[in-house]
Each structure stands twice: as C-alpha cells, then as structure tokens.
Amino acid sequence: MASTLRALLEWPHLRRGLLIGLCVVLYVAPLAVGTEYRLFIATQMGVYILVAIGLNLLNGYGGQVSLGHGALVAIGAYAAALTMVDLHWSFWPAALLAMVMAAGVGLLMALPAFRLSTWYFALITLGFAEVIAGLLTEWRALTHGFAGVVGIPAPKAFGYAFTARDLYWFVLTLVVLTLVGMANLLNSRFGRALVAVRDNPVAATASGVSLVRIKIFAFVLSAAVAGLAGALFAVQKTVITPEDFPADFSVFFLLVIVLGGSGRLAGPVVGALVFFLVPELLTALQSWRLLIYGGALLLLMLYAPHGLVGAAEGLWKKLRARLGLPNIPPTPVAADAPIRAIDGAQLSVRDVSKRFGGVAALASVDLDVAPGVTHAIVGPNGSGKTTLLNMISGYYRVDQGAIAVEGRRTENLAPHAIARAGVGRTFQTPRLLPHLSVLENVLLGAFTAEKHSWLSAALALPAARREQQASLAEALRYLEFVGLRERAMELAGELPHGQQRLAEIARALVGRPKLLMLDEPAAGLSLAELDRLGELIAAIRGIGATVVIVEHHLELVADICSRVTALERGAVLASGAPQDVFSDQAVVSAYMGAHVRIGEKGA
Ligand code: ADP
Ligand code: MG
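Residues numbered from 1 in each chain as written. Chains lettered and ligands numbered in written order. Predicted model: local features only at pLDDT ≥ 70, side-chain atom pairs only at ≥ 80, totals over all residues. Heavy atoms only, no water.

Caption draft 1: Structural view of the sheet that holds strand S11 (residues 515-519). Strand order in the open sheet formed by six strands is S10-S11-S12-S7-S13-S14, and the pairing between neighbours is mixed. Unpaired on one side and paired on the other, strand S10 (423-425) and strand S14 (571-576) mark the two borders of the sheet. The sheet shows a mean angle of 20° between the axes of neighbouring strands, direction not considered. Taken together, the five bridges between strand S13 (residues 563-568) and S14 define a ladder with antiparallel strand orientation. Considered in S14, the bridge of glutamate 568 is made with alanine 571. The sheet strands contacting helix H17 (residues 385-392) are strand S7 (374-378), S10, S11, strand S12 (546-550) and S13, and the helix crosses S11 at an angle near 150°. (Pairing = 2+ DSSP bridges. Helix = DSSP H or I, 4+ residues; strand = E, 2+ residues; numbered from the N terminus. Axes fitted to C-alpha atoms, helices over the stretch in contact; angles between N-to-C directions. Contact = heavy atoms within 4.5 Å.)

Caption draft 2: Geometry of the coordination of the magnesium ion (ligand 2). Bound to the magnesium ion (ligand 2) are the protein donor atoms Thr386 (OG1) and Gln428 (OE1), situated 2.0 to 2.2 Å from the metal. One end of the pair, threonine 386, is in helix H17; the other, glutamine 428, is in the loop between S10 and helix H19 (438-444), with 42 residues separating them in the sequence. (Donors = N, O, S within 2.8 Å, 3.2 Å for Na, K, Ca; no water.)

Caption draft 3: The arrangement of the pattern of salt bridges in detail. Counted by the stated rule, this structure contains 13 salt bridges. For arginine 350, the salt bridge is made with aspartate 368, and the minimal N-O distance between the two is 3.0 Å. Here the residue arginine 350 occupies a position in strand S5 (residues 347-356), and aspartate 368 occupies one in strand S6 (residues 359-369), the gap between them amounting to 18 residues. Here arginine 487 ties to glutamate 490 by a salt bridge, and the two come within 2.9 Å at their closest N and O atoms. (Salt bridge = Lys/Arg side-chain N within 4 Å of Asp/Glu carboxyl O.)

Caption draft 4: Region of the structure containing the site of ligand 1. Taken together, Phe356, Val359, Ala361, Pro380, Asn381, Gly382, Ser383, Gly384, Lys385, Thr386, Thr387 and Tyr396 are the residues near ligand 1. In this structure, an oxygen atom belonging to ligand 1 sits 2.8 Å away from a side-chain N or O atom of lysine 385. In this structure, tyrosine 396 approaches ligand 1 through a side-chain N or O atom, which is 3.1 Å from a nitrogen atom. Protein chains shield 64% of the accessible area of ligand 1, which is 560 Å² for the free molecule. Among the secondary structure elements, those contributing two or more residues to the shell around ligand 1 are S6 and H17. Of all the elements, H17 adds the most residues to the shell around ligand 1, at three residues. Its residues placed into classes, the shell around ligand 1 shows five nonpolar, six polar and one charged. (Near = heavy atom within 4 Å. Polar contact = N/O pair within 3.5 Å; in protein donor to acceptor, adjacent residues only side chain to side chain. Areas by Shrake-Rupley, 256 points an atom, 1.4 Å probe, with all protein chains shown as cover. Nonpolar A, V, L, I, M, F, W, Y, C, P; charged D, E, K, R; others polar.)

Below is the structure:
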C-alpha cells in the first residue's frame, strides 16, 4: 500500500495529470449536469476567480493591499454594458475598453502607493472605491443611476450569440489561460522581482529592479484583469445596477485569496470554490455577511495563515516525509555555461561627505579604484565603510561630492539605475528572499540581463524561454562557483549565515557587475569557508571585475587586495598598498583604539 502510494506520488506527471483531468471534467460537466442555475453559478464563480487571480498578483505576490478591486470590476462592467447597450458596440471592443479603462483607473489608484505605506495605501484604495460607488448612483446621465443598465446582450462571434453554456466555456477558457499565463509570469524575472519588492525591496533594487515600475506593472495588470472580469460579469448578468457592487465587494475578493492562500497560484481558485460551495449560506445570511467574513479571517489567521492551499501544501510535505520521499525538488539541468570575462569598471569617489544629524559619517572622502583592481576598505566599526558603499550604490543621497563609474556620474541616480549601470553588491546583513529557493534568489540577479517583456514571459514565447534557460545555466554555474550548487533548491532562508553571504555573491555575479562591492563577506564564515572566500574573490578578480571589499580580516585583505583605504570617523586615514597602509602609524593607532591588532586573525 505504502509503496503504491510512494510510486504514485513520485510519478513526475502527477500534478500535470491531475490538472488536465480536472480541466476535462470542467469542460464536459455542463453537457451532463448543466442546469441553468448551475451554469449561472459556475460562470459567476469563474468571473470571480478571474478577479481574484488578478488581485493575487498584486496582493499575494506584490504585497500591496487593494481594497478597491470591487470598484475596478464595476468600472469594467459599466464600461462594457454602457457601450454595448447605449452605443451598440459588440462585446469584443467593449471588453477591450473595459480592460483599458480599469487599467487606467488602476494606474491612477497606484500612484499614491509609492509615497505611502501599505496600510495608508489600502485606505486610499478604499476611499477610491467609495468615490466610484458614489458616481455609479449619482452620475445618472452616464450610468442610469439606480435603474442600472438593462438588456446587456450576449457576446457574439461570427453572427452567433453565446448561450449560457458557451459563456461558461468561454469564461472557463479565460480562467485557464489566465492561470497558465500567471504561472509563466510568476516563474519569470517579473515574478521574482515582484516577490523581491514584497519581501526585500533593497535586494530588489540591488538587482536593478525599479520598485515604481514593478508596482505599477502589478497594479495595472491586476486592474486590467478585473476590468475584463467586469465585462464578463455584465454580459453574464444581462442587467447591472449599483447594488451589484456593494461596499464589501472588494473585501470579498481579498477574503477569497486569503482563504484560498494568498501568494499561491491556486489560492484564488480554491478560495472562490469554497465561497461558492456555500452559496445558500451566503444568501441566507446576507445581513451577517461582514460578521462571517471577519470570523473567517480570524480563524484563518489562527489555524491556516497561508490559506487552504498553504495548509494542503503542509500536509503534502508531511505525507511525503512520512513515506521517505524528498521534499526538495531536484536541481534543474541546464547546458554548461562558461563563466565569461567582465570588463572591470573604474570607480572614482571625489570629496564625498555625508552627515546623519550631528554625525559626520563621511567627511570629504576620496577613493580611486582602477579597472580590475581589488580594493579593500578597512576601519573600525562606525568609521563609515558601509555608508561609503551605500553612497556608491545610491542608497544614501550624497550631501556633497561626486561619484563616477567608468567616468559616468552616478551620485544622483536611484539604486536600481546604478545596479543597471553595472554596480553589484552584497550587504553586511545578507538580503535574500527567504521563501524562495537559493536558485531563484540567484536568478533575481539576472533581472536586468534578461530583456524579454512581461507579455512574452506570460505567453512563454521561445525568445523568452531561451533567455530564461541561459539565465538558469548561468545561475547554476555561479552557484557552483561559490560552492552552493548542491543547495540550489533549498529555501534561501534555511541556509546558514555564511552560505547566505555566498549566495548573495552569486546573485550579484549573475548580473555581471563591472564593479562588485562586498560588505564584510567574511563575517560569520568558518575557517574553511574563509579560505574558500579568499579563493572566490581571487577568482572574481580573475574574471576581470573591479572589486571593492569592506573587511575586518586584515590577513585576508593583505592576501587578495592590491590596494587598501583605511577610514576612521568618516575620513580617509591612509590609502595605498596593503603593507604601507597597515604600517602607517595613524592606522595602527586607530586600530589599537579599537582593540584590534593588525595581523591577528578574526579581528
Ligand atoms: P561601518 O560600516 O564602518 O561600521 P557605518 O557606515 O555603518 O560604519 O556607520 C558610520 C556612522 O554613520 C555611524 O556612526 C553610524 O551610526 C552612522 N550611520 C550610518 N547609517 C546611518 C543611518 N541610516 N542613519 C543614521 N546614522 C547612520
Ligand atoms: Mg558596516
């Protein structure tokens, strides 16, 4: 029994087989059990699932809370209904208009998201939804007020009008296509960027992701899906009134994805399914709805924080573990990618200063690094080393001075733009995405190297696939380079600290940085790992990249760096070859002040 089960679970096509089987059942079901009422409910469920899939992209993956998605559905529904009834448009251009209008309004709604924290932003979207709800009843000349829009015709194709059953098939097809497209998208550079923006914006920008662009992208795409669902909602109901879009409509969608599992592909489907399996309950208890929503949310937070799909995933893992099956998927295979040479960039920091309130973190610092050189920055804690890296990579604004990479001024650029210009870095505290695999973390680093559009990613066009395969090969190659290939499929958050640093170096390398900056890469490494790090940095220098390394291990520095700059209290004490800097009297006494003797390992 156990062995049959094991064989079944290990069948590589299990998931795909189940999904295809489910699709077949859903397509043929109306032929067998297609009563009008069931078709209506199933179609409506499909429409709601569409909205929820779109919202899941924004909320589950992008981490943005929208309490206005119900209003976007209303905009889509009214745009389609009014153009079809009042202007006699056919369904297709009307649906397109619904998507464009919802996307446009979504864009307007998204704009405050860049200045406000998540919850203030959620309140703005709520207010927005209120305004739309008000307009639906008050702007009677356009919307027909409380009377609503009546007699919305069915979609027609080649002169043939859709029956209720056709509409069901049509909506089902759209749901399937949207899910497939969404799965492709989430598996691409856009999905990883979205999760990075949610879990660690600094890591996202360090890989060249523009937070603003990704958030706008998620909002607009998710709004467009809501608009499309709105158009379908209109033709399905044939009559729409403002009462179809009650105040808690948006909360309902949020609840659907939280119930199903937000940030899980199947979450919206399962969530909507559960809601519709108890339709009588919901209609019978109309006036209790908000209370039920609230209670359900509370129970979920307590017992299934990742929704039903999250809970099922947990059970699945337990079952596999019980049967002795591995829970870590096999590392994907890819063609061998050679490690290509990089043209190191020249870095020049001129007279740069930075104050934090009364503290002069940097005072008139100069730093010149020639292309391909490995240059160390040393100094006691608090001497401004990390601040200097943050200025070069754009995380802090420069009070005074100039920074240039390959002669190009960068001091006024945003961090993601500096990353795109070829400046890669790691952080003193590793900034990985803990819920993604090590491999996916490294792939995030390839964000700017890949050029394909979101649409070609969603459609899995050959050009996008080729690029993704190339990145995969490269990521695996760099994981091997830092000695982490065996752990590629483990969750990044489960790696020991030292290995997280190495994974971060691999992520930076995949972006092929002309200038790589490492902030205390040796901290927390074992002695064996320390040796490995020395070899690794020597190998990086061998590729040709310019390396700036902040490091306390002065022996390591002396081994691998040809130049050193020593900082103290934000000022340059000495700069030059390691042996000269380390024998400089001012440097020695600065370090003595910090109770560290030069040459001592583990400083
Ligand atoms: P190091 O990396 O050399 O240990 P840092 O660059 O982190 O030193 O810090 C230099 C000084 O600047 C310290 O006094 C620190 O407290 C201050 N500092 C750094 N970042 C900030 C910040 N974001 N806000 C306020 N003070 C800061
Ligand atoms: Mg530091």
